[in-house]
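Okay, here's what each chain looks like letter by letter:
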Amino acid sequence: FGDKFKQPKGSWNCSVCLLQNKAEDSKCVACQSEKPGSSVPVTSSSVSASSGGFLDLDKFKMPEGSWQCEACLVQNKAEAAKCIACDSAKPGTKAELK
Ligand SMILES: [Zn+2]
Ligand SMILES: [Zn+2]
């Protein structure tokens, strides 16, 4: 669209009758067409929200940092690396996300 900007600064050509209008004109002085580009909404880049795909949120319903043993369902404290009841490893510590 660079062609429109070869004219004196701010002036614009009517896209209907091709008349050159002044910058302060919001409509074509000849045919009353709107100034091109004045009312065109900028197309927002469509950012598709990534749906889900995150960790299983069930693990985060508990007090912050605590975790539930997958084997015996005992709730353990955040600092516990193993289940206090059955010694199972804290889920999520291994790179095993299923
Ligand atoms: Zn015009
Ligand atoms: Zn356990």
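Up top is the structure these notes are about.
Quick caveat: nothing in here was measured; it's all calculated off a predicted structure.

Draft legend 1. Region of the structure containing the overall build of the protein chain. For the protein chain, the count of helices and strands is zero helices and four strands. Helices (α) and strands (β) of the protein chain occur, in sequence order from the N terminus, as β-β-β-β. Classification of the 98 residues of the protein chain by burial places 16% in the buried group. Of all intrachain contacts in the protein chain linking residues separated by at least 6 positions in sequence, the fraction that spans at least 24 positions is 5%. Accessible surface, the protein chain as shown: approximately 8200 Å² in total, 55% of it carbon and sulfur.

Draft legend 2. Structural view of the environment of L73. The residue L73 is located in the loop between β3 (67-68) and β4 (75-76) in this model. For the pair L73 and C86, spaced 13 residues apart in sequence, the C-alpha separation works out to 9.7 Å.

Draft legend 3. Region of the structure containing the coordination of the zinc ion (ligand 1). For the zinc ion (ligand 1), every protein donor is listed as C14 (SG), C17 (SG), C28 (SG) and C31 (SG), and the spread of their distances is 2.2 to 2.3 Å. Taken together, the four donor atoms surrounding the zinc ion (ligand 1) define angles of 100 to 123 degrees at the centre, an arrangement classified as tetrahedral. Donor residues binding the zinc ion (ligand 1) come from one chain and are separated in sequence as C-x2-C-x10-C-x2-C. Taken together, the positions of C17 in the loop between β1 (12-13) and β2 (20-21) and C31 in the loop between β2 and β3 put the pair 14 residues apart, joining distant regions of the chain.

Draft legend 4. Looking closely at the coordination of the zinc ion (ligand 2). Taken together, the protein ligands of the zinc ion (ligand 2) are C69 (SG), C72 (SG), C83 (SG) and C86 (SG), with distances of 2.2 Å. Relative to the metal, the four donor atoms surrounding the zinc ion (ligand 2) lie at angles of 102 to 121 degrees, and the coordination shape comes out tetrahedral. Summarised as a motif, the one-chain spacing of the donors to the zinc ion (ligand 2) is C-x2-C-x10-C-x2-C. A residue pair is termed long-range when its members are at least 10 positions apart, and C69 in the loop between β3 and β4 and C83 in the segment after β4 qualify at 14 residues. For C83, a relative accessible area of 1% puts it in the buried group.

What counts, and where the lines are drawn
- Counting restarts for each chain, with residues numbered from 1 along the sequence as it is written.
- Lettering for chains starts from A, numbering for ligands starts from 1, and both go in the order in which the items are written.
- Selection of residues for local features in this predicted model requires a pLDDT of at least 70, selection of side-chain atom pairs for listing and counting requires 80 or more, and totals for whole chains, interfaces and linings are taken over all residues.
- Hydrogens and water are ignored here; the side-chain numbers use all heavy atoms of the structure.
- Helix and strand definitions here come from DSSP, where helices need a minimum of 4 consecutive H or I residues and strands a minimum of 2 consecutive E residues; each element is numbered from the N-terminal end.
- Only protein chains enter the accessibility calculation, which uses a 1.4 Å probe. A residue is then buried if its area is under 20% of the maximum for its type, exposed if over 50%, and partly exposed in between.
- Pairs of residues are marked as contacts when any of their non-hydrogen atoms sit within 4.5 Å.
- Surface accessibility follows the Shrake-Rupley procedure with a 1.4 Å probe radius. Residue values consider only the protein chains on display as shielding.
- Distances define the donors: N, O and S atoms within 2.8 Å of the metal qualify, as do those within 3.2 Å of Na, K or Ca. Water is excluded, so some sites may look unfinished.
- Just to be clear on the cut-offs, tetrahedral is four donors with all angles between 85 and 135 degrees, square planar is four donors and octahedral six with opposite donors over 155 degrees apart and all others between 65 and 115, and anything else goes down as irregular.

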